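Understanding the architecture of this molecule
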Amino acid sequence: MNQITPGSTPRPDQPQPDLAAAVRRLAHTNVLVIGDVMLDRYTYGEVARISLEAPVPILAIDREVALPGGAGNVVRNLTALGAATAFISVVGDDQAGSDLTGLIGGQPNVEPWLLVQGSRTTTLKTRLIAAGQQLLRADREQTDPIHPKLAERLLRIAVDAMAATSVTVLSDYGKGVLGGDVAANLVQAAQKTGRKLIVDPRGSDFARYAGADVVMPNRQELAAAAHMPAENEAQIVAAAEHLRRQHGFGAVVVTRGNDGMTLVDDHGSQHFPAEAADVFDTSGAGDTALAMLGAALAAQLELPVAVRLANLAAGISVGKVGASVVREGDLLAALTPQHSALRKVVSREEAVEQAERWRHRGWRVGFTNGYFDLLHQGHIALLEQARAACDRLIVGLNADTGVRRQKGAPHPVQPEAARAAVLASFACVDLVCLFEEDSPEALIEALRPDVLIKGANHAIEDVVGADRVRGWGGRVLQIDLLAEQLPQPVTPVKG
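Right, let's walk through the structure included here. (Residues numbered from 1 in each chain as written. Predicted model: local features only at pLDDT ≥ 70, side-chain atom pairs only at ≥ 80, totals over all residues. Heavy atoms only, no water.)

1. Some words on the overall build of the protein
As a reminder of what qualifies: In this description a helix means any DSSP run of H or I spanning at least four residues, a strand means any run of E spanning at least two, and both kinds are numbered starting from the N terminus. Here the term buried applies to any residue with accessible area under 20% of the maximum for its type, exposed to any over 50%, and partly exposed to those in between, with areas from a 1.4 Å probe on protein chains only. It only takes one pair of heavy atoms within 4.5 Å for two residues to be counted as in contact. We get accessible surface area from the Shrake-Rupley algorithm with a probe of 1.4 Å; when it comes to residues, only the shown protein chains can shield them.
If you tally the helices and strands in the protein, you get 16 helices and 19 strands. The buried share of the protein, reckoned over its 495 residues, is 50%. Excluding contacts between residues fewer than 6 apart, the proportion of contacts in the protein whose partners are at least 24 apart in sequence is 71%. Taken as a whole, the protein presents about 22,000 Å² of accessible surface, with 51% of it coming from carbon and sulfur.

2. Concerning the packing of helix 8 (residues 285–298) against helix 9 (residues 303–317)
As a reminder of what qualifies: Axis geometry follows a simple rule: fit a line to the C-alpha atoms, using only the stretch in contact for helices, then measure angles between N-to-C directions, giving values from 0 to 180 degrees. Just so you know how the angles are binned, under 35 degrees is roughly parallel, over 145 roughly antiparallel, 65 to 115 roughly perpendicular, and the rest oblique. Crossings are sorted by hand: turned counterclockwise from the far helix by less than a right angle, the near helix makes the crossing left-handed, and turned clockwise it makes it right-handed.
Where helix 8 meets helix 9, the closest approach of the two axes is 8 Å, and the angle between their N-to-C directions is 150°. Considered as vectors, helix 8 and helix 9 are oriented roughly antiparallel to each other. Judged by the twist between their axes, the crossing of helix 8 over helix 9 is right-handed. Contact with helix 8, carried on its side by A285, T288, A289, M292, L293, A296 and L297, involves L303, A306, V307, L309, A310, A313, A314 and S317 of helix 9 and no other residues of that element.

3. What to know about unusual backbone geometry
Following A409, the chain continues to P410 via a peptide bond in cis, the omega torsion being 5°. Mapped onto the elements, P410 comes out in the loop between helix 13 (400–407) and helix 14 (416–424). Of note, the phi angle at N109 is positive, near 60°, even though the residue is not glycine. Along the chain, N109 turns up in the loop between helix 3 (95–105) and strand 5 (110–117). According to the relative accessible area criterion, N109 is partly exposed, its value standing at 49%. With a phi angle near 50°, F372 is a residue other than glycine that sits in the positive phi range. By the secondary structure assignment, F372 is in the loop between strand 15 (365–370) and helix 12 (377–388).

4. Concerning the sheet that holds strand 19 (residues 475–479)
Rules: Any two strands between which DSSP finds at least two bridges are classified as paired.
The strand order 14-17-16-15-18-19 describes an open sheet built from six strands, whose pairing is parallel. What marks the edges here is a single partner per strand, and that holds for strand 14 (345–346) and strand 19. Helix 11 (residues 348–360) contacts strand 14, strand 15, strand 16 (392–398) and strand 17 (431–435) of the sheet and is inclined by roughly 140° relative to strand 17. Along the sheet, helix 14 contacts strand 14, strand 16 and strand 17; its crossing angle with strand 16, the most-contacted strand, is approximately 165°.

5. Regarding the pairing of strand 11 (residues 251–255)
With four of its five residues buried, strand 11 lies for the most part within the structure. Relative to strand 11, strand 10 (residues 214–215) runs parallel, the two being bridged by two bridges. Paired with V214 across the strands is A251, a residue of strand 11. Strand direction decides the pairing type here: strand 11 and strand 12 (residues 261–265), joined by four bridges, are antiparallel. From the neighbouring strand, V253 faces strand 12, where its bridge partner is L263.

6. A look at helix 13
Spelled out, the test is: Summarising the geometry, the arc corresponds to the directions from the helix axis toward the C-beta atoms.
Buried residues of helix 13: D400, G402 and V403, and no others. End-on, the buried residues of helix 13 take up no more than an arc of 160°, which puts them together on one face. Against strand 16 and helix 14 lie the buried residues of helix 13. A positive backbone phi angle near 75° is found at G408, which sits one or two residues after helix 13.

7. Let's talk about the environment of I453
Relative to the elements of secondary structure, I453 occurs in strand 18 (residues 451–455). Taking the C-alpha atoms as reference points, I453 and N369, separated by 84 residues in sequence, lie 8.2 Å from one another. When near neighbours in sequence (up to four residues on either side) are disregarded, I453 contacts G366, F367, T368, L382, A386, L393, L477 and I479.

8. Comments concerning the sheet that holds strand 6 (residues 124–130)
Read from one edge to the other, the open sheet built from four strands follows the order 3-2-6-7, with strand pairing classed as mixed. The open sheet is flanked by strand 3 (57–70) and strand 7 (133–140), the only strands paired with a single partner. Between one strand and the next, the sheet's axes are offset by a mean angle of 20°, whatever the strand orientation. Pairing of strand 2 (residues 37–50) with strand 6, which is carried by seven bridges, proceeds in the parallel orientation. Counterpart to D40 in the pairing with strand 6 is K125.

9. Here we look at the nonpolar core
Our working rule: In this description, a nonpolar core means a group of buried Ala, Val, Leu, Ile, Met, Phe, Trp, Tyr and Cys residues linked to one another through side-chain atoms lying within 4.5 Å.
Core analysis: the biggest nonpolar cluster contains 58 residues, and L26, V33, L293 and L331 have the highest contact counts within it. Looking at this core element by element, the count peaks at 10 residues for helix 9. If we ignore the near neighbours within four places in the chain, the residues touching L293 are I198, V214, M216, L303, A306, V307 and A310. The next biggest cluster of nonpolar side chains, apart from the first, holds 41 residues, and it includes I34, A212, L222 and V252.

10. Topic: the pattern of salt bridges
We apply this condition: Salt bridge criterion: a side-chain nitrogen from Lys or Arg within 4 Å of a carboxyl oxygen from Asp or Glu.
This structure, assessed with the given rule, holds 22 salt bridges. Measuring nitrogen to oxygen at the nearest pair gives 3.2 Å for the salt bridge that ties R127 to D40. Taken together, the positions of R127 in strand 6 and D40 in strand 2 put the pair 87 residues apart, joining distant regions of the chain. A salt bridge links D400 to R419; the shortest N-O distance between them is 2.7 Å. One end of the pair, D400, is in helix 13; the other, R419, is in helix 14, and 19 residues separate them in sequence. One exposure class covers both D400 and R419, and it is buried. If you follow the salt bridges from partner to partner, you end up with E241, R244, R245 and D266 in one network.

The structure is reproduced here in structure tokens:
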């Protein structure tokens, strides 16, 4: 792997074959995360009137989403990269704690240790959102240190988990899990087991993390901890170096928002400019960067390469809406400057995220679906007219298993990979999303398109999802097909 020379500035517009190879190694790692978990609840709706009781908007609730936040969001990002993750945290004996236990346990490749403290309140953050803007955030939390007996149990579990993982990440949100001497004891345990430890710190007392391999403060936290100014690059380097000497840190990685990241270690300093093309939402970007740094070091990448990837992941994250995760495909796409049609073929989760970004821009999202086995003039006409009716078009494509269940052998004539690649090559198609179910209803529900498009040869009552789309204010468009455009039966040629 090519090394990045300290003091150099990587250029994000150049091909990075070494970084692409590094990204592919992330899925073969294992990481331990310890820290404050919280439940992030998002309540979406529409504001059409003001209350008569008080001068406040009335939110007509449309849907609610609950996600693990804080250290739980670090875990989400690690699993999105394919890394096996052990997670240790503390919740209360309440509904939010129960919800978190289910959400964390339902993620792939996660070994959760969510300890319960009966008298404790699980941190819950509720956000009310309309038209892409937060109207209000309501927090319920308890920030005092966890019970000493529970802290002892947490440390015993952590020592065993460290032995089974490559890197330990401490995600400190100041909610009590890493309070008292817990953080210091975990650093000492990592040193004894020979495992690298990364800290996302909170507060100004960095002595609690003394001896950590990497600490990752933002600019404000750096200034408060070092009691030094951190307004420009020279000041940031000086403050970071002061903290390294004072607390024995191996390296300090300073996150600087729109100014990127700065690494200060034994080799000097290196600055990584921000790589975000569009900024939609900064929530969760720090968790994404922390997860990436942990996975990269677990993959035994050099620290400058790990920071470069963390900076890239943060830039991708702020281009998404909400606390979204960054996946291997996102990173590889960002590292490859040339356009590839196959990037349009995405998972359901990626399609949902992209649809949210498009709607955030005010664009209408359209959806159509079908087998698209042997493409003909009728298919092309349908797709072009569908794209003309919206700003971005997502095509739902029946997977091979679904086609065989519905049509029997020898269908499909073309495998799903070939059908998806051909669809993605059309300029009028913006995304292609495979679905395994016989009906696209679940995909439509997840995507929530503004326009649902089908051929007029389907009766309106037979258009799957029509009622749902009209229910959330969308429209259903039926496109007339000429006789010669209608699908004709295909007899496969044997031999």
